[in-house]
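Examining the three-dimensional arrangement
Spelled out from the first residue to the last, the chains are:
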Amino acid sequence: RLSQIDPLLLLEKISKSGISQDVCVNDLETPAFEVVPSLKRLKQRIAAAGRGQYDAVFMSGSGSTIVGVGSPDPPQFVYDDEDYQNVFISEAKFVTI
């Protein structure tokens, strides 16, 4: 099930308006979330806990990373919840020219 969104249109939107939830399209999210439901729950929890802190929350690649664009501070539950004790957390920055 591939999205019908033109990648060039997404790049144009990003260059004009920056990152937002509507430009973060990953066709692998749906099948990855079906195979590993905990990824979907993590994305939902980050989005809910980070209301107002993140411009977008999405899965990168085939499920190795859930990204929150905005605040460099992860939601507190990532530190407190035993399910996430082995999760790697890292701040990243977009490179623009």
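The following paragraphs examine the structure supplied in this document. Keep in mind that this is a model prediction, so the values were computed, not measured.

Secondary structure assignment for the chain yields four helices and two strands. Along the chain, helices (α) and strands (β) appear in the sequence α-α-α-β-β-α when read from the amino end. Dimensions of the chain, computed from C-alpha atoms along their principal axes, come out at roughly 40 × 30 × 20 Å. In the chain, buried positions account for 26% of the 97 residues. At a minimum sequence separation of 6, the contacts of the chain that also span at least 24 residues come to 44%. When the accessible area of the chain is evaluated, it comes to approximately 7200 Å², of which 53% is carbon and sulfur surface. Looking at the chain, you have 9 positive and 13 negative side-chain charges, and the mean spots of the two groups are 5 Å apart.

What follows deals with the packing of aromatic side chains. The final tally for this structure, using the stated rule, is one aromatic pair. Ring centres 5.5 Å apart and planes at 70° place the aromatic pair Phe77 and Tyr84 in the edge-to-face group. With relative accessibility at 12%, the residue Phe77 sits in the buried group. The cationic tip of Arg45 hangs over the ring face of Phe77; the distance from NZ or CZ to the ring centre is 4.0 Å.

By size, the foremost hydrophobic cluster in this structure holds 12 residues: Ala32, Phe33, Leu39, Leu42, Ile46, Tyr54, Val57, Met59, Ile66, Phe77, Val78 and Tyr84. Dropping the residues within four chain positions of it, Val57 is found in contact with Gln21, Lys43, Ile46, Ala47, Ile66, Val67 and Gly68.

This paragraph deals with helix α1 (residues 7–17). Across the 11 residues of α1, one count as buried, placing the element largely on the outside. Residue Asp6 occupies the N-cap position of α1, its side-chain oxygen lying 3.0 Å from the main-chain nitrogen of Leu8. Once α1 ends, the next one or two residues include Gly18, with phi positive near 85°.

As a further point, take the pattern of salt bridges. Applying the stated criterion to the full structure yields four salt bridges. The closest approach of N and O atoms between Lys13 and Asp22, which form a salt bridge, is 3.9 Å.

This next bit is on helix α3 (residues 37–49). Across its 13 residues, α3 extends 18 Å between first and last C-alpha, which sits within 8% of the 18 Å expected from 1.5 Å per residue. Among all positions in α3, only Leu39, Leu42, Lys43 and Ile46 are buried. Considered in projection along α3, the buried side chains sweep an arc of 100° and stay on one side of the axis. As for α3, its buried residues are in contact with α2 (29–35), β1 (54–60), β2 (65–70) and α4 (77–80).

Parameters at a glance
Residues numbered from 1 in each chain as written. Predicted model: local features only at pLDDT ≥ 70, side-chain atom pairs only at ≥ 80, totals over all residues. Heavy atoms only, no water. Helix = DSSP H or I, 4+ residues; strand = E, 2+ residues; numbered from the N terminus. Buried < 20%, exposed > 50% of the residue type's maximum accessible area, 1.4 Å probe, protein only. Contact = heavy atoms within 4.5 Å. Areas by Shrake-Rupley, 256 points an atom, 1.4 Å probe, with all protein chains shown as cover. Lys, Arg positive; Asp, Glu negative; His and termini not counted. Charge placed at Lys NZ, Arg CZ, Asp CG, Glu CD. Phe/Tyr/Trp six-rings, centres within 6.5 Å; stacked < 30°, edge-to-face > 60°. Lys NZ or Arg CZ within 6 Å of the ring centre and 35° of its normal. Core = buried A, V, L, I, M, F, W, Y, C linked by side-chain atoms within 4.5 Å. Polar contact = N/O pair within 3.5 Å; in protein donor to acceptor, adjacent residues only side chain to side chain. Salt bridge = Lys/Arg side-chain N within 4 Å of Asp/Glu carboxyl O. Expected span 1.5 Å × (residues − 1). Arc of directions from axis to C-beta.

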